[in-house]
Amino acid sequence: MASSASSKPPEDASKLGYSYVTPAGMCLRFRQSLAQFSDLFSEFNKYIAPAYHHDRCERSVHMRLYSMNKREFATVFLAFFACFGLGIFIGLAGPPITVMSKVSGSTLQPNGSAPDTATTYLARGPFVMRTPLLTTYSQQLWIIAKLTTDNTDDEMVDKKFHISVQIEGLTAEHKPMPVYGGAHNGGADVKNRTRHLSCSYEECDEFTVLHIGFLDYAHYIVTVQFYGLEAFHQRYNIRSVQFYFKSYNPAFTQIEIWFRFIFVLFTFIITCWFAHTLRKYPMNDWSIEQKWLSILLPLLLLFNNPIFPLIFIANNWFPGIIDALLQTTFLCGILMFWLCVYHGLRQNERKFLTFYLPKLIVVLPIWLCAVVLGIWEKCDELNDPTYSHFEDSENYNGLKVFVSIAGAMYLLYLGLLMLKAYSELRSMPYFDMRLKILTLLMLIVLSISLIVTMQHFGFDTLEDNFIAQLYTSYKSSAQFMCFYGLLNFYLYAMAYVYSPSGPAVHEPIIAKDNPTFSMINDSDEEVMYGSDEESRRPLNSACRKGNDYDSD
């Protein structure tokens, strides 16, 4: 019967009500190109993802991710973007980050100056200025100078000159107290600092005169003097000198304190809730995402810095350095999390030497560079308000090169782990869901962070450092809300997605016999406990078993 049925001629396609037309032209060529590319990737995939070397991944707690449908996924992302957008809207409606006032150098000229001195006053000074009222919420003070000339030549001018600065603080009794220079240095001469004056036509670029990182007085009296601009003044005629006083806006400081407190409160609640959901399960049964979130959530709590108000109470360098250290540690913790998860999904044995040490070698240089840069600059500015890292260009450029190399190594390593993870796990149930949600959230965080960084800092973040130069275009506190809101809501979303779902099961026999805790043969991720033989079975064993059944 089978032979007669197989010898029966096929029916005419026209009688079945449909026909097939072979595509031609560009469409056919495009399909052939895609087929060739797919064949090439398949050949490459044999070398990058040999399935027979992949052992079955560890048994882990059933995560909420496995039971979520498309509507729940859409709700999670909608809530994430709604909270993030609300934070940005609050920032846009908030006050500007900095406040600025200016004074013209021509109004600072002493009365009764000699005529020859008056003609060269703008090129030399001295300029004696009194700062506006400064409060504790003003945090820091920058004095920036800008020169305007009568230059009409079609050329760029780069002039090196020196400045000397003397700072005195006014006490509550209006008595001047030496802060920097003069009697503060034991009667020694004021130290000269090198600055560069870059001019194009009439306008010259701004340059920082000094930066006071900690305000001990409500008013300061600053004396500034230029050296080496006399010849420049004779040729191009310095028409005006403007001095700008910039400090943090006290209204923005209050918003920063309140929203940091709100983020600390919500992070503490989320951390306690996530720990409560996992306390019913042994730590050995936690997934790698859950283990890392139990570390990242406390780091996020420190990132929001519960002791941030100490900066305004202690009024010294220690709270500021602690804040920078906590932020750097959290950001590097996220970088470490991405590396470990993309690698840990494919590997059961995660020994320190073979699994964690290579990743620490990649991430640790980035952490060290950020910490060294922050401590180096804060300590130098504490000892010398006129210090600028551009003067120590050799060490500074070396640090930039080191950071660039470390960042390139990290991106290369992360890209390799992502490629291998998708090559090996993209067709496995539940593992593909973990990869997709991890990658999607990571791309959202990276893309928004890069957009904000490039918009406000330019393409060279270190060179346009906000603390050192204040070359920023901030119009509101939206950048602060965007940065802090993005990282906080990112961790909150992951805590919800990776939280356990379903009741805890402590007895292995219950998990083994109860079909509600079992799972399909392709993955162990929904199985709380299983036999040792099944846990040691390779991933392709189920596939081979299914093929045998199909062949029968």
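Residues numbered from 1 in each chain as written. Predicted model: local features only at pLDDT ≥ 70, side-chain atom pairs only at ≥ 80, totals over all residues. Heavy atoms only, no water.

Colleague: Explain the overall build of the chain to me, please; I cannot follow it from the model alone.
Modeller: On a plain count of helices and strands, the chain comes out with 19 helices and 10 strands. Residues classed as buried in the chain amount to 44% of the 552 residues present. Looking at the chain alone, contacts between residues at least 24 apart form 82% of all its contacts between residues at least 6 apart. Roughly 29,700 Å² of accessible area belongs to the chain as shown, and the carbon and sulfur atoms make up 62% of that amount. (Helix = DSSP H or I, 4+ residues; strand = E, 2+ residues; numbered from the N terminus. Buried < 20%, exposed > 50% of the residue type's maximum accessible area, 1.4 Å probe, protein only. Contact = heavy atoms within 4.5 Å. Areas by Shrake-Rupley, 256 points an atom, 1.4 Å probe, with all protein chains shown as cover.)

Colleague: Teacher, can you tell me more about the packing of aromatic side chains here?
Modeller: The geometry of an aromatic ring pair comes down to the distance between the two centres and the angle between the two planes. This structure, assessed with the given rule, holds 24 aromatic pairs. Ring centres of Phe 232 and Tyr 236 lie 5.1 Å apart, and the angle between their planes is 45°; this geometry places the pair in the tilted category. With Phe 232 and Tyr 236 both in helix H7 (residues 230-236) and four residues apart, the pair spans about one turn of that helix. According to the relative accessible area criterion, Phe 232 is buried, its value standing at 6%. By relative accessible area, Tyr 236 is classed as buried at 8%. An aromatic cluster is present here, built from Trp 142, Tyr 248, Phe 252, Phe 303, Phe 330, Phe 480, Phe 483 and Tyr 484 joined pairwise through their rings. The ring of Phe 308 is capped by Arg 260, whose NZ or CZ atom sits 4.1 Å from the centre of that ring. (Phe/Tyr/Trp six-rings, centres within 6.5 Å; stacked < 30°, edge-to-face > 60°. Lys NZ or Arg CZ within 6 Å of the ring centre and 35° of its normal.)

Colleague: What exactly am I supposed to notice about the nonpolar core here?
Modeller: As a rule of thumb, nonpolar side chains are buried together in soluble globular proteins. With 77 residues, the main nonpolar core has Phe 337, Trp 338, Tyr 342, Tyr 490, Leu 491 and Tyr 498 as its most contacted residues. Each residue touching Tyr 342, except ones within four places of it in the same chain, is listed here: Leu 414, Leu 417, Met 418, Ala 421, Tyr 422, Leu 435, Leu 438, Thr 439 and Met 442. In this structure, Phe 127, Leu 134, Ile 163 and Leu 197 belong to the second largest nonpolar core, which totals 37 residues. (Core = buried A, V, L, I, M, F, W, Y, C linked by side-chain atoms within 4.5 Å.)

Colleague: Help me understand a nonpolar patch on the surface, please; the structure alone is not making it clear to me.
Modeller: On the surface, a nonpolar cluster with roughly 740 Å² of combined accessible area is contributed by Trp 258, Phe 261, Ile 262, Leu 265, Phe 266, Phe 268 and Ile 269. Mapped onto the elements, Phe 266 comes out in helix H8 (residues 250-278). (Patch = residues over 30% accessible without salt bridge, like charges linked within 9 Å, V, L, I, M, F, W, Y side chains within 5 Å. Salt bridge = Lys/Arg side-chain N within 4 Å of Asp/Glu carboxyl O.)

Colleague: How should unusual backbone geometry be read in this particular structure?
Modeller: Only a minority of non-glycine residues have a phi that is not negative, and only a minority of peptide bonds are not trans. Across the junction of Gly 125 and Pro 126, the peptide omega takes the value 0°, indicating a cis bond. By secondary structure assignment, the location of Pro 126 is in the loop between helix H6 (121-124) and strand S2 (127-130). Phi is positive for His 174, which is not a glycine, with a value near 60°. Inspection of the secondary structure assignment puts His 174 in the loop between strand S4 (156-170) and strand S5 (176-180). Among the residues examined, His 174 registers a relative accessible area of 58% and is labelled exposed.

Colleague: I tried to follow the pairing of strand S10 (residues 238-248) on my own but got confused; where do I start?
Modeller: As a general feature of sheets, a regular strand has side chains that alternate between the two faces. Burial of S10 is extensive: 10 of the 11 residues sit out of reach of the surface. Across nine bridges, strand S3 (residues 141-149) lies against S10 in antiparallel orientation. Bridge assignment links Lys 146 to a residue of S10, and that residue is Gln 242. (Pairing = 2+ DSSP bridges.)

Colleague: Looking at this structure, I do not really get the state of the cysteines. What am I missing?
Modeller: Every disulfide links exactly two cysteines, by a covalent bond between their sulfur atoms. The full count for this structure, using the stated rule, is one disulfide. Two residues, Cys 199 and Cys 204, share a disulfide whose sulfurs are 2.0 Å apart. Note on the Cys 199 and Cys 204 pair: the S-S dihedral is about 95°, so by sign convention the disulfide is right-handed. With no disulfide partner, Cys 369 has as its closest neighbouring cysteine sulfur the one in Cys 332, 9.6 Å distant. The exposure class assigned to Cys 369 is buried, which follows from its relative accessible area of 6%. (Disulfide = S-S within 2.5 Å.)

Colleague: Please clarify how the environment of Ile 448 should be interpreted in this entry.
Modeller: Checked against the element boundaries, Ile 448 lands in helix H14 (residues 431-457). If we skip the residues at most four places from it in the chain, Ile 448 touches Phe 84, Cys 482 and Leu 486.

Colleague: Can you walk me through the packing of H8 against helix H9 (residues 288-303) in this structure?
Modeller: Any two packed helices are characterised by the angle at which their axes cross and by the distance between the axes. At a closest axis distance of 9 Å, the pairing of H8 and H9 adopts a crossing angle of 160°. Relative to H9, H8 is oriented roughly antiparallel. Remark: the crossing between H8 and H9 carries left-handed chirality. Residues Arg 260, Val 264, Thr 267, Phe 268, Ile 270, Thr 271, Phe 274 and Leu 278 of H8 touch H9, and the partners they reach there are Gln 290, Leu 293, Ser 294, Leu 297, Pro 298, Leu 300, Leu 301 and Phe 303. By residue class, the composition of the contact of H8 with H9 is 11 nonpolar, four polar and one charged. (Axes fitted to C-alpha atoms, helices over the stretch in contact; angles between N-to-C directions. Parallel < 35°, antiparallel > 145°, perpendicular 65-115°, else oblique. Left-handed = near helix turned anticlockwise from the far one by under 90°. Nonpolar A, V, L, I, M, F, W, Y, C, P; charged D, E, K, R; others polar.)

Colleague: How should I be thinking about the environment of Ile 221 in this particular structure?
Modeller: Along the chain, Ile 221 turns up in strand S9 (residues 219-227). For the pair formed by Ile 221 and Pro 132, sequence separation is 89 residues and the distance between their alpha carbons is 9.9 Å. Beyond its immediate stretch of four places on either side in the chain, Ile 221 contacts Val 128, Met 129, Gln 166, Ile 167, Glu 168 and Leu 170.

Colleague: Which parts of the structure should I look at to understand the pattern of salt bridges?
Modeller: All told, the structure shown has seven salt bridges when counted by the stated rule. Residues Arg 260 and Glu 256 are paired through a salt bridge, measuring 3.7 Å at the closest nitrogen-oxygen approach. With Arg 260 and Glu 256 both in helix H8 and four residues apart, this pair spans about one turn of that helix. When sorted by exposure, Arg 260 lands in the same class as Glu 256, which is buried. Note that Glu 289 is salt-bridged to Arg 434, the shortest N-O span being 2.6 Å. Of the two residues, Glu 289 sits in helix H9 while Arg 434 sits in helix H14, which places them 145 residues apart along the sequence.

Colleague: Got a minute to help me understand the packing of helix H4 (residues 70-93) against helix H16 (residues 478-497) in this structure?
Modeller: H16 packs onto H4 with a crossing angle of 160° between their chain directions and a minimal axis gap of 8 Å. Relative to H16, the element H4 lies roughly antiparallel. In the crossing of H4 with H16, the sense of the turn from one axis to the other is right-handed. Across the interface between the two elements, Val 76, Phe 80, Cys 83, Phe 84, Gly 87, Ile 88, Gly 91 and Leu 92 from H4 touch Ala 478, Met 481, Cys 482, Gly 485, Leu 486, Phe 489, Tyr 490, Ala 493, Tyr 496 and Val 497 from H16.

Colleague: Got a minute to help me understand the environment of Phe 337 in this structure?
Modeller: Summarising the element assignment, Phe 337 is placed in helix H11 (residues 317-344). Taking the relative accessible area as the measure of exposure, Phe 337 reaches 0% and is therefore buried. Here the alpha-carbon distance between Phe 337 and Lys 359, two residues 22 residues apart in the chain, equals 9.7 Å. Every residue in contact with Phe 337, bar those within four places of it in the chain, is listed here: Trp 292, Leu 296, Leu 438, Tyr 490 and Met 494.

Colleague: Looking at this structure, how should I read the confidence of the model for the chain?
Modeller: The predicted coordinates should not be examined in detail at positions where pLDDT is low. Looking at the chain as a whole, its pLDDT mean stands at 75, while 70% of the residues score no less than 70. Element-level mean pLDDT values for the chain span from 34 in helix H17 (residues 508-513) up to 93 in H9. Within the model, the stretch residues 43-58 combines pLDDT values under 50 with 38 contacts to residues more than four positions away or in other chains. With pLDDT under 50 throughout, residues 184-189 is counted as low confidence; its partners more than four residues away or in other chains account for four contacts. (pLDDT = per-residue confidence, 0-100.)

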